[in-house]
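Report on the structure
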There are 4 protein chains.
Amino acid sequence: MATLPPQRPHDASDDAEPRQRRSRRKEARPGELLDAALALFVEKGFAATRVEEVAARAGVSKGTLFIYFPSKEELFKAVVRESISGKYTEFGQELETYTGTSAELVRYCMHEWWREIGMSAASGITKLVMSEAGMFPEIAAFYQQEVIGPGHDLLGKVLQRGIASGEFRPMPIEYAVYSLIAPMIFLLMWKHSMAPCCPPSQQLDPVSFIDTQVSLLLGGMLAPTPTR
Amino acid sequence: MATLPPQRPHDASDDAEPRQRRSRRKEARPGELLDAALALFVEKGFAATRVEEVAARAGVSKGTLFIYFPSKEELFKAVVRESISGKYTEFGQELETYTGTSAELVRYCMHEWWREIGMSAASGITKLVMSEAGMFPEIAAFYQQEVIGPGHDLLGKVLQRGIASGEFRPMPIEYAVYSLIAPMIFLLMWKHSMAPCCPPSQQLDPVSFIDTQVSLLLGGMLAPTPTR
Amino acid sequence: MATLPPQRPHDASDDAEPRQRRSRRKEARPGELLDAALALFVEKGFAATRVEEVAARAGVSKGTLFIYFPSKEELFKAVVRESISGKYTEFGQELETYTGTSAELVRYCMHEWWREIGMSAASGITKLVMSEAGMFPEIAAFYQQEVIGPGHDLLGKVLQRGIASGEFRPMPIEYAVYSLIAPMIFLLMWKHSMAPCCPPSQQLDPVSFIDTQVSLLLGGMLAPTPTR
Amino acid sequence: MATLPPQRPHDASDDAEPRQRRSRRKEARPGELLDAALALFVEKGFAATRVEEVAARAGVSKGTLFIYFPSKEELFKAVVRESISGKYTEFGQELETYTGTSAELVRYCMHEWWREIGMSAASGITKLVMSEAGMFPEIAAFYQQEVIGPGHDLLGKVLQRGIASGEFRPMPIEYAVYSLIAPMIFLLMWKHSMAPCCPPSQQLDPVSFIDTQVSLLLGGMLAPTPTR
DNA sequence: TATGAATGAGACTTCATTCAT
DNA sequence: AATGAATGAAGTCTCATTCAT
């Protein structure tokens, strides 16, 4: 099975600002601002996030933010663009060379996706895009085209592979793919909206949920085998 | 399978206002305002919706809104409260008297839920609550308690029923329930965020999606039968 | 000494509204509104008093108020006009026929004024007029002309009487009169502004204050007598 | 009699602004805003004064005001607090070392008070506080405690001094003190309310008024002397 | 005459954006 | 490049006034 790609160092950007970073690499500024903006946009929404907060969290002044981003809206777009750049290229390559069963591949994809995206700092981007789609339709369309679409195609190929090999029954692939996408999007939304508001007794363990979900779906996908 | 309940006449709430007499309209005002607010909050989010827009859409002036709701925030809370009042009581009763197979019941529940809630004017409430959870955590908790929780319990009973009768295999009910909830929440989010931004080729037919989803999940839930 | 003029019935207007007065004399309405308005204007000032409060305190609806007074400003003016109508005519007549010493007359005037005006419902009118003089200069001028001026003249005559009889020394009457007016205006202001905010230990007993004040002033007014 | 302290050059606080550099102005802003606010609050009252006016008079925009004061109400409180800071400390020290007669001291205090406070830019603060006491009782109580109370105590000591030395007769000091306070408060109220509305013929010269008032009161305070 | 629902001008306050330093 | 003081458009909310009933 493919090894995990090297985890981004990912400098814990959402702790209390140490403030004495001062003369560090200046080229890090936009990145810090994007990290701060992502966290706040996800948490409070675009309109309710003040640029001053973003700047403060990134350890710079309000004016500095406008040196790097011409407006709050451009900052928003940059956040989305940045968070989704080339997320699926490696996945595609892994798929080509994969040699195990398709059922394993499906399970692997789901867990891997959660580890890579669901647990990353960028995990809220989907929640953000969906929440703000009404105000930023072109961003939503962009996201659909750059993220959902490729992911959809990838999963489509996985299912196709299983059907082609006879491991999976024939099925309406278009919809079956959304059966895999839906729980992941649900998980992201849940993590960033309901989870923080729910008592511990109602928390949902993502890994167990994915396990159950995949098992059930595979139950419906796998072709009946004589031995089974 | 249970026959469909008679389709509600489906309150044509946003057609051209007939502009009735003042006194007649008084008791209708709060409802009209709530409808308008729901639509706009879902579409643009809480912060980006201006109360003047809400008032205009309800056919009244800005000041009138504040006669009925003391603040924008209270309006928001009223929208949520109003939209979820007693949604699940009938469902519960249907469940008790149902005599078909559990598989049919699951399928029925999902489709029925979509018809009753997913297609109603209140369908956006879930998207709204999840989008604004960061700003209104107590509303999210309220929603969890009043809507998600009861729905969860109801579905839990359905699965229990199937397991008890031997129709379903044993399964981790907590998570399996979320396997049924997740696609529905996904559908709502999709309908109110991505769908309006996507080209026709990428539209998702909710009924077909539910069909596929249920079929796949049931494949994993149903106990293996000798004849099968 | 002159008997007190018959106390106006003065229907305790600042208790909880009984509301079931309904079809009582309609001609009482403006008076009730004026009473309510006076009390509220004195307490909260013109701008901070809402006409709805005035109406509610008078037991009528907001709309009714505008039947009797074309605007809030006219209501204000009516309050002032009403509260000062012919306050000094009786005083003047008493003065003409008074036969005691001028010192006694001064003392009598001061105490009587306090009893008649300082303790009446209209006592706040001076505070009101002075507080709002900046916004209603013509009202202040009107008040000066109708109330302060006549009062000034009256007191001037009293002092003149004393000087003419040799009971008082010569003095700059213009200013001496203000020495009598000043403590009374001070008392009114105090009663309606500081007194309600002060702890009991700092309360000022008006009668004792007037006593002391008059005694001291008379000490400076009375001509030295050989026997004394 | 103590010589008058050299007349202060009398703070030319409301002349044409020289429009300095931004950074230089920063620490001056709150003061300019307080000056402007004091003038307008005294003139028009709290409610009728618009923050935009205050800002305009201070030469800044509306938004700038809110950088320095979080709300109109806090601005009001700051105006009062600022205007009364440490007004009485010097007075107290002068009193201790004074060597003249108590009658002279009384006269000196009154004139000095008028020069220092009555003629200063902060002169309207008493009028303001009394006018707004109904809406800001805690401010009125604060003023009573910080200004009226200490002034009262100071004057009480002056009278005590005179009585102890046999220069003044015994008298009810509590009330006698108010006989000194009352005309000063009257003067302030008059200056800021009636005076601007009265024709020149009815203007009151403060210094002459104080002279007369003090002479009359001293007439009642001084112990009779054999030679006199 | 009386009501009170409705209005809309106007107030306070916020905050994205600019710009002198 | 960075700052943060200043701006002013825009939003929420109030309340005097109107008017159909």
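Bear in mind the structure is a predicted one, so any value in this text is a computation, not a measurement.

What counts and what doesn't
Residues numbered from 1 in each chain as written. Chains lettered and ligands numbered in written order. Predicted model: local features only at pLDDT ≥ 70, side-chain atom pairs only at ≥ 80, totals over all residues. Heavy atoms only, no water. Least-squares fit on C-alpha atoms with pLDDT ≥ 70 in both. Contact = heavy atoms within 4.5 Å. Near = heavy atom within 4 Å. Polar contact = N/O pair within 3.5 Å; in protein donor to acceptor, adjacent residues only side chain to side chain. Helix = DSSP H or I, 4+ residues; strand = E, 2+ residues; numbered from the N terminus. Nonpolar A, V, L, I, M, F, W, Y, C, P; charged D, E, K, R; others polar. UniProt positions renumbered as here; feature names shortened; annotations may be inferred. Buried < 20%, exposed > 50% of the residue type's maximum accessible area, 1.4 Å probe, protein only. Arc of directions from axis to C-beta.

A word on the relation of the copies chain D and chain C. Between the two copies, chain D and chain C, the superposition gives an RMSD of 0.1 Å; the rotation angle is 180° and the shift along the axis is 0.0 Å. Both copies of the chain, as the preceding transformation shows, are related through a two-fold rotation axis. When you check the interface residues of chain D against chain C, 100% turn up at the interface there too, and the contact is symmetric in its surfaces.

Around DNA strand E, the surrounding shell holds 34 residues, and the nearest of these are Lys-72 of chain A, Arg-29, Thr-64 and Tyr-68 of chain B together with Thr-64 of chain C. The sugar and phosphate moieties of DNA strand E supply 64% of its atoms located within 4 Å of the protein. Within the backbone of Ser-61 of chain B, a nitrogen or oxygen atom sits 2.8 Å from a phosphate oxygen of DNA strand E. Backbone polar atom of Val-51 of chain D to a phosphate oxygen of DNA strand E: 3.2 Å apart, as the coordinates give it. Elements supplying a minimum of two residues to the surface near DNA strand E: helix H3 (62–68) of chain A, helix H4 (62–68) of chain B, helix H3 (62–68) of chain C together with helix H4 (62–68) of chain D. Within the surface near DNA strand E, the residues separate by chemical class into 10 nonpolar, 10 polar and 14 charged.

As recorded in UniProt, the sites labelled "DNA-binding region" (unreviewed entry) are residues 50–69 of chain A. As a span, residues 50–69 of chain A carries 75% helix and 0% strand, and end to end its C-alpha atoms are 14 Å apart.

As a further point, take helix H2 (residues 51–58) of chain A. Residues and elements named next belong to chain A. Three or more residues of H2 are buried, namely Val-51, Val-54, Ala-55 and Ala-58. The arc that holds every buried residue of H2, seen down its axis, measures 95°, which confines them to one face. Elements in contact with the buried residues of H2: helix H1 (29–44), H3 and helix H4 (72–83). Positive backbone phi, at 80°, marks Gly-59, one or two positions downstream of H2.

A few words on the relation of the copies chain B and chain A. At an RMSD of 0.2 Å, chain B and chain A line up after a rotation of 180° and a shift of 0.0 Å along the axis. A share of 100% of interface residues in chain B that are also interface residues in chain A marks the association as one of identical surfaces.

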